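# Breakdown of the fold
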Amino acid sequence: MTVFVTGGAGFIGSALARDLIDQGKEDVLIIDKLTYAGSLESLKPVSNSPHYHFSQTDICDRDGIGALFTKYKPSAVYHLAAESHVDRSIDGPADFVQTNLVGTFTMLDAAYHYWRALEGATKESFRFLHVSTDEVYGELGPEGLFSETSPYDPNSPYSASKAGSDHLARAWHRTYGLPVLVTNCSNNYGPYQFPEKLLPVIILNCLKSKELPVYGKGENIRDWLYVEDHAAALQQVVASGEIGETYMIGGRAERTNIDMVRSICKIMDKKFPEKAPHEDLIRFVTDRPGHDARYAVDCSKIEAELGWSQSLDLETGLEKTVDWYLENLDWVKAVAADYTQERLG
Ligand code: NAD
Ligand code: DAU
């Protein structure tokens, strides 16, 4: 048995692929274009396993993707490949429309043509999991939570392209009967996150005693989940989720950005007391255009129906994440040499 993980050289996809391969229950074909955000360095811990397979393929390449379905005959597809960074989507939305919309269409189209030719139990058990974000629901005021029935209201080119991809996934189930499931998760943090996202930026800038850029007043709120808990949730949805359903995934850990930054600073103060207080490095900078005020997720459906729950509280997860970056600066240099030079000097 083989499962596909698209975007498996990225942050969440590699966490999922490492976990699946470690469990050794099935072969894993990682499909990844290896954009700036993807690196085989993130798969090194499992790349010698007999269960590890890799194909450098663009998810927009219909012939290439079709050939992979024919060759590997997957029992499930975890579709994570995407352009994922909101700031980049504001500066250059074209890649987001291409990969997130056209790429998702291509994956669904290839999966459908493969699935409809299957028979019996193999056809029955096939699943296509479309992995998405809470950002498709727009922003919340001070009260309330996003749930599976929240209306779509995306605000950035990134979230609009992800919203469109969710609609495509749902339509391929409703119209063609493809066994699709959709998940919408809140902000992930943890090891192997590309150093353009908030947490690695703050950790690595603290290390270099560089300014810590906080957009606007730092009052925007995100809900944070440790990446390995997200990977576990995705496996649970494929194993026992109901076809056609959506599952919200979150950490029940809402924090303002400034609180998150201060938490990292405190951890760095303990590790490098000679440089304390790292908070002195905080700088409030120009806000992100269209910056959503608050995201928060009601994940009671996946908890109640599939028995998923997160394993790590935020404070423990943050300590672990800081430790990982401090111990893996070679990974940072390997994946982001140009980027870190530009950002960290
Ligand atoms: P990431 O940017 O770290 O990784 C994306 C991966 O996709 C990279 O390896 C990249 O090379 C690959 N990729 C990009 N374009 C491709 C293409 N055209 N063909 C093949 N591969 C391509 O992203 P991430 O943070 O790991 O997010 C993974 C998925 O989870 C995305 O769909 C994202 O929308 C979703 N998500 C992310 C978060 C989060 O907090 N990071 C939260 C909820 C949902
Ligand atoms: O909510 C899920 C989403 O979380 C995912 O769908 C996206 O793929 C993922 O990138 C993430 O989006 P965010 O925009 O929330 O993540 P980011 O790390 O870019 O920013 C987190 C918050 O911190 C956001 O409010 C913007 C702010 N920020 C970010 C950076 C990079 C700063 O204040 N300073 C920074 O330097």
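As the structure is a computational prediction, the values presented were derived from the model and not from experiment.

Okay, the overall build of the chain next. Helices and strands together make up the secondary structure of the chain, namely twelve helices and twelve strands. Over its C-alpha trace the chain gives a radius of gyration of 20 Å, about what one expects of a compact globule, namely 20 Å for 345 residues. Its C-alpha atoms put the chain at 65 × 45 × 40 Å along the principal axes. Looking at the 345 residues of the chain, the share that counts as buried comes to 55%. Across the chain, the fraction of contacts at a sequence separation of at least 24, relative to all contacts at a separation of at least 6, is 81%. Taken as a whole, the chain presents about 14500 Å² of accessible surface, with 49% of it coming from carbon and sulfur. Each charge class in the chain can be summarised by its mean position, and for the 33 positive and 50 negative side chains these summaries are 2 Å apart.

Read from one edge to the other, the open sheet built from three strands follows the order β7-β9-β11, with strand pairing classed as mixed. Where the open sheet ends on each side, the last strands, each with one partner, are β7 (187-189) and β11 (254-256). On average, each strand axis in the sheet is tilted by 50° relative to the strand beside it, whichever way the strands run. Bridge count between strand β9 (residues 221-226) and β11: three bridges; the pairing is antiparallel. Bridge assignment links Asp-223 to a residue of β11, and that residue is Glu-254. Along the sheet face, helix α9 (residues 257-271) touches β9 and β11 and points at about 85° away from the line of β11.

This structure, assessed with the given rule, holds 15 salt bridges. Arg-88 serves as the salt-bridge partner of Glu-196, at 2.6 Å between the closest nitrogen and oxygen. Linking Glu-196 in the loop between β7 and α7 (198-207) with Arg-88 in helix α3 (residues 86-91), this pair joins segments that are 108 residues apart in sequence. Its relative accessible area of 5% is what places Glu-196 among the buried residues. Taking the relative accessible area as the measure of exposure, Arg-88 reaches 29% and is therefore partly exposed. Of the charged contacts, one joins Lys-270 and Glu-319 as a salt bridge, the two residues approaching to 2.9 Å between their closest N and O atoms.

Around ligand 1 there are 28 residues in total, and Ile-12, Asp-32, Ser-84, Tyr-158 and Lys-162 lie nearest to it. Within the backbone of Gly-10, a nitrogen or oxygen atom sits 3.0 Å from an oxygen atom of ligand 1. Within the side chain of Thr-99, one N or O atom sits 3.0 Å away from a nitrogen atom of ligand 1. Contact with the protein chains hides 96% of the accessible area of ligand 1, taken as 830 Å² for the molecule alone. Looking at the shell around ligand 1, the elements that each hand over two or more residues are α1 (11-23), β5 (127-133), α6 (157-176) and β7. At three residues, β5 tops the list of elements feeding residues into the shell around ligand 1.

Membership of the largest hydrophobic core comes to 40 residues, with the highest contact counts inside it found for Leu-16, Tyr-78, Leu-129, Leu-234, Ile-249 and Ile-302. Residue contributions to this core peak at five residues, all from helix α8 (residues 227-240). Look past the residues within four positions of Leu-129 in its chain and what remains in contact with it is Val-77, Tyr-78, His-79, Leu-181, Val-182, Thr-183, Leu-234, Val-237 and Val-238. Residues Leu-204, Cys-206, Cys-265 and Leu-281 belong to the second largest nonpolar core, which totals 33 residues.

This part is about the sheet that holds strand β4 (residues 76-79). On the basis of which strands lie adjacent, the open sheet formed by seven strands has the order β3-β2-β1-β4-β5-β6-β10 and parallel pairing. Each of the sheet's edge strands pairs with one partner strand only, and the pair in question is β3 (52-55) and β10 (246-249). Taken over all neighbouring pairs, the strand axes of this sheet differ in orientation by 20° on average, direction set aside. When β4 meets β5, the two strands line up parallel, connected through four bridges. Within β5, the residue paired with Tyr-78 across the bridge is Leu-129. Against the sheet, helix α4 (residues 94-115) contacts β1 (2-6), β4, β5 and β6 (180-185), and its axis sits at roughly 165° relative to β5.

Around ligand 2 sit 21 residues, and of these Thr-133, Asp-134, Tyr-158, Arg-288 and His-291 come closest. Between an oxygen atom of ligand 2 and a side-chain N or O atom of Asn-187, the distance comes to 2.7 Å. Taking Asn-257, its side chain carries an N or O atom lying 2.8 Å from an oxygen atom of ligand 2. In terms of residue count, strand β8 (residues 212-215) provides more of the shell around ligand 2 than any other element does, three residues in total. By residue class, the composition of the shell around ligand 2 is eight nonpolar, seven polar and six charged.

Residue placement: Leu-207 occurs in helix α7. Judged by relative accessible area, Leu-207 falls into the partly exposed class, the value being 22%. Apart from residues no more than four positions distant in its own chain, Leu-207 is found in contact with Met-268, Phe-272, Lys-275, Leu-326 and Leu-329.

Procedures and definitions
Residues numbered from 1 in each chain as written. Chains lettered and ligands numbered in written order. Predicted model: local features only at pLDDT ≥ 70, side-chain atom pairs only at ≥ 80, totals over all residues. Heavy atoms only, no water. Helix = DSSP H or I, 4+ residues; strand = E, 2+ residues; numbered from the N terminus. Rg over C-alpha atoms; globule rule 2.2 N^0.38 Å. Buried < 20%, exposed > 50% of the residue type's maximum accessible area, 1.4 Å probe, protein only. Contact = heavy atoms within 4.5 Å. Areas by Shrake-Rupley, 256 points an atom, 1.4 Å probe, with all protein chains shown as cover. Lys, Arg positive; Asp, Glu negative; His and termini not counted. Charge placed at Lys NZ, Arg CZ, Asp CG, Glu CD. Pairing = 2+ DSSP bridges. Axes fitted to C-alpha atoms, helices over the stretch in contact; angles between N-to-C directions. Salt bridge = Lys/Arg side-chain N within 4 Å of Asp/Glu carboxyl O. Near = heavy atom within 4 Å. Polar contact = N/O pair within 3.5 Å; in protein donor to acceptor, adjacent residues only side chain to side chain. Core = buried A, V, L, I, M, F, W, Y, C linked by side-chain atoms within 4.5 Å. Nonpolar A, V, L, I, M, F, W, Y, C, P; charged D, E, K, R; others polar.

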